[in-house]
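Coordinate inspection notes
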Amino acid sequence: MRTRLYPLEDLEDIPGTKVFTAKRSRQAYHLHKFCMSLMKAENREAFKKDERAYLDRFRMTEDQKQAVLDRDFNQLIELGGNIYFLVKLSNTDGWSTQRAVSSMTGMTPDQYAAMMREGGRSPTGQRSKRDRN
Amino acid sequence: MARITAGIGTSHVPAIGAAIDLGRTQDPDWKPIFDGYEWVKDWIKDNTPDVIILCYNDHASAMMLDIVPTFALGFAEEFEPADEGWGKRQVPTVYNHIELAGHIAEQLVIDEFDLTIMNDIDVDHGCTVPLSLVFGQPEEWPCKVIPLIVNVTQFPTPSANRCWQLGEAIRDAVRSFPQDLDVQIWGTGGMSHQLQGPRAGLINPEFDNAFLDRLGNEPDDLRTITRLEFLRESGSEGIELIMWLIMRAAMGYNVEELYRFYRVPASNTAVGHIVYKTPE
């Protein structure tokens, strides 16, 4: 057997973090295809005009479509999504990346912006679920 | 003979590009960031290279959906700014140095790096924000740019050590190019940040500053940082720092640190910036 520096399960040990793997990428392929379609102005217009109809052009799951309609970024990541794709959606909405990211933290955008101005979230207690450090 | 004369490390936060494009660089939140780049903007006037090899990651703009290359080299004549969902940045087209890019592509594969060649891509903020930070808002970018794109999005990314080895191979490739060219290599991305989930907003100044401290003279210590350690310590997007190791390795053993800057935050991210030159 080849040596490994750590078991891959350890990637699941980081609090509040989903590591974006090939498997998750596949799970979110059609969601991400939708996100990347928003890189064209005419598609953004079509989406804004009728979000549901636009989403129905893609082979996304119903859960993924609902999470897009809800702008529920935590749920979108739970369903395989990756933030670099998902910001195409928040950019289309005219949101800053900071606002999109803050929506996943349970804070208001202002509370989150204040936390960042004060130096951000400390890694203390956020490194490992197992070791609680 | 072509030679690498300087290396630049910098974050490439998209909101920095927006602040420049919307004329907000003197707003209270942004001014301290842009003040940190005044030194390099002045320095580059007398130190503009012929070519920049610009290491960055594509943020699901030109790849990562249908194709996920670990290391990709831009090989078009020119690259337009990508539309990332709010229209293209109004910045100049990026022009490639095809002869050097072709030479590097050949040499790297011969040196057993299984590079992907991208013949038609747009470049996103990962490439254009560093250019804006260093060159400001010119009509045209003042030199050629070879985009070197690294997967830091889908796990597993290349390891820190693999990035180091790639940098060493780039150094050899540049030195074996017969034309007399002044080449810079830029490593972009980082520093600590996390853009997802309840842990978003993570910033680790101790980790970032230790990275900056060691990068110049003790870079071997950084080659053994595991992906897991980057994720734990610098956030799920902080792993972009592996691209700084490509830059550092491409510069050879000795470097002189000319300038360093670190500031929290720009949007969600710790901003780091460093300038090295190679000894004469």
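Keep in mind that this is a model prediction, so the values were computed, not measured.

Take the overall build of chain B next. Scanning chain B from terminus to terminus reveals 9 helices and 10 strands. Scaling as 2.2 N^0.38, a compact globule of 280 residues should have a C-alpha radius of gyration of about 19 Å, and chain B matches this with 17 Å. Along the first, second and third principal axes, the C-alpha atoms of chain B reach 50 × 45 × 40 Å. When burial is assessed residue by residue, chain B has 57% of its 280 residues classed as buried. Taking as baseline every contact in chain B between residues at least 6 positions apart, the subset at least 24 positions apart corresponds to 83%.

Residues and elements named next belong to chain A. Regarding helix H5 (residues 62-70), the residues found buried are Gln64, Ala67 and Val68. Projected down its long axis, H5 shows its buried positions confined to an angular sector of 105°, all on one face. Those residues of H5 that are exposed and aimed more than 90 degrees away from the buried face are Glu62, Leu69 and Asp70. Elements that come into contact with the buried residues of H5 comprise helix H2 (29-37), helix H4 (51-55), helix H6 (73-78) and helix H7 (83-92).

Let's shift gears to the interface of chain B and chain A. In many analyses, interface size is given as the accessible surface area lost on bringing the parts together. Across the contact, 34 residues belong to chain B and 48 residues belong to chain A. Among the elements of the structure, helix H1 (14-21), helix H8 (227-234) and strand E9 (256-266) of chain B are those that each provide at least two residues to the side of chain B that touches chain A. Per element, the largest residue contribution to the side of chain B that touches chain A is 4 residues, and it comes from H8 of chain B. Its residues assigned to classes, the side of chain B that touches chain A comprises 17 nonpolar, 12 polar and 5 charged.

Glancing now at the sheet that holds E9 of chain B. The strands that make up a sheet are held in pairs by hydrogen bonds between backbone atoms, and each pair lies either parallel or antiparallel. Residue and element names in this part refer to chain B. Taken together, 8 strands build an open sheet; the order of strands is E6-E3-E7-E2-E8-E1-E10-E9 and the sheet is mixed. The sheet terminates laterally at strand E6 (116-118) and E9, the two strands that pair on one side only. Neighbour-to-neighbour, the strand axes of the sheet open up by a mean angle of 20°, direction not taken into account. Summarising the sheet, strand E1 (residues 3-10) and strand E8 (residues 182-188) pair through 7 bridges and their orientation is parallel. Within E8, the residue paired with Ala6 across the bridge is Gln184. Against the sheet, helix H7 (residues 205-217) contacts E9 and strand E10 (269-277), and its axis sits at roughly 10° relative to E10.

Okay, the packing of helix H4 (residues 98-110) of chain B against helix H6 (residues 160-175) of chain B next. Helix-helix packing is characterised by the crossing angle of the two axes and by the distance between the axes. Residues and elements named next belong to chain B. Between H4 and H6, the least distance of the axes is 9 Å, while the angle of their chain directions is 125°. Between H4 and H6, the crossing angle belongs to the class labelled oblique. Our pair here, H4 against H6, has a crossing hand that is right-handed. Contacts between H4 and H6 pair His103, Ile104, Gln107 and Leu108 from the former with Ala169, Ile170, Asp172 and Ala173 from the latter.

So, about the environment of Asp110 of chain A. Secondary-structure assignment places Asp110 of chain A in helix H9 (residues 109-117). With 11 residues separating them in the primary sequence, Asp110 of chain A and Arg99 of chain A have C-alpha atoms 8.8 Å apart.

In this model, chain B carries a mean pLDDT of 97, and residues with pLDDT of at least 70 account for 100%. Scored by ipTM, the complex comes to 0.96, with pTM at 0.98.

Moving on: unusual backbone geometry. Along the chain, Gly190 of chain B connects to Met191 of chain B via a cis peptide bond; the corresponding omega equals -5°. Of note, the bond from Val264 of chain B into Pro265 of chain B is cis; its omega dihedral lies within 30 degrees of zero at -10°. Within the secondary structure, Pro265 of chain B sits in strand E9. Even without being glycine, Arg132 of chain A reaches a positive phi, approximately 50°. Relative to the assigned elements, Arg132 of chain A resides in the segment after H9. Arg132 of chain A gets classed as exposed once you count the C-beta atoms within 10 Å, which come to 9. The backbone of Met64 of chain B sits at a positive phi, close to 85°, despite the residue not being glycine. Examined against the element boundaries, Met64 of chain B turns out to sit in the loop between strand E2 (51-56) and strand E3 (71-74). Of the residues examined, Met64 of chain B has 23 C-beta atoms within 10 Å and is grouped as buried.

A few words now on the packing of H2 of chain A against H7 of chain A. All names here are of chain A. With their axes 8 Å apart at the nearest point, H2 and H7 run at an angle of 45° to one another. Considering their axes alone, H2 and H7 lie oblique with respect to each other. Considering how the two elements wind past one another, H2 and H7 form a crossing that is left-handed. Residue-level inspection shows His32, Cys35 and Met36 of H2 in contact with H7, the latter providing Phe85, Leu86, Lys88 and Leu89. Here the residues of the contact of H2 with H7 sort into 5 nonpolar, 1 polar and 1 charged.

For H1 of chain B, a buried count of 6 out of 8 residues is recorded, marking the element as mostly surrounded by other parts of the structure. The set of residues buried in H1 of chain B consists of Pro14, Ala15, Ile16, Gly17, Ala19 and Ile20 of chain B. Close packing links the buried residues of H1 of chain B with helix H8 (97-102) of chain A together with helix H2 (31-35), helix H5 (125-135) and E9 of chain B. After H1 of chain B finishes, the residue Gly23 of chain B shows a positive phi value of roughly 70°.

This next bit is on the nonpolar core. If you look at the biggest cluster of nonpolar residues, it comprises 117 residues, and the most contacted ones within it are Ile53, Leu54, Cys55, Ile170 and Ile246 of chain B. Beyond its immediate stretch of four places on either side in the chain, Ile170 of chain B contacts Ile53, Ile104, Ile185, Ile246 and Ala250 of chain B.

Next up on the list: the environment of Phe85 of chain A. Residues and elements named next belong to chain A. Tracing the backbone through its elements, the reader meets Phe85 in helix H7. You can call Phe85 buried: it has 26 C-beta atoms within 10 Å. Between the C-alpha atoms of Phe85 and Ala41, which are 44 residues apart in sequence, the distance is 16 Å.

Conventions adopted
By convention here, each chain's residues receive numbers from 1 onward along its written sequence. Chains carry letters and ligands carry numbers; both start at the beginning, A for chains and 1 for ligands, and go up in the order they are written. Two thresholds apply to this predicted model, a pLDDT of at least 70 for residue-level local features and 80 or more for giving and counting side-chain atom pairs, whereas whole-chain, interface and lining totals are computed over all residues. Secondary structure is summarised from DSSP: a helix means a run of H or I of at least four residues, a strand means a run of E of at least two, and numbering begins at the N terminus for each. Restricting the calculation to C-alpha atoms gives the radius of gyration, and the globule rule supplies 2.2 Å times the number of residues raised to the power 0.38. Using C-beta atoms placed from the backbone, we call a residue buried if 20 or more other C-beta atoms fall within 10 Å of its own, exposed if 12 or fewer do, and partly exposed for counts in between. By definition, residue pairs are in contact when their C-beta atoms, positioned from the backbone, come within 7 Å. Along the arc lie the directions from the helix axis toward the C-beta atoms. Residues are grouped as follows: nonpolar covers Ala, Val, Leu, Ile, Met, Phe, Trp, Tyr, Cys and Pro; charged covers Asp, Glu, Lys and Arg; every other residue, Gly included, is treated as polar. In short, DSSP must find at least two bridges between two strands for them to pair. Fitted lines through C-alpha atoms give the axes, limited to the stretch in contact for helices. The angle between two N-to-C directions lies from 0 to 180 degrees. Throughout this description, any angle smaller than 35 degrees is read as roughly parallel, any larger than 145 degrees as roughly antiparallel, any in the 65 to 115 degree range as roughly perpendicular, and the remainder as oblique. Crossing chirality is assigned from the near helix's rotation relative to the far helix, an anticlockwise turn below a right angle marking it left-handed and a clockwise turn marking it right-handed. Per-residue confidence from the predictor is given as pLDDT, running between 0 and 100. Note on terminology: a nonpolar core is a set of buried residues of type Ala, Val, Leu, Ile, Met, Phe, Trp, Tyr or Cys, with members joined through C-beta atoms within 7 Å.

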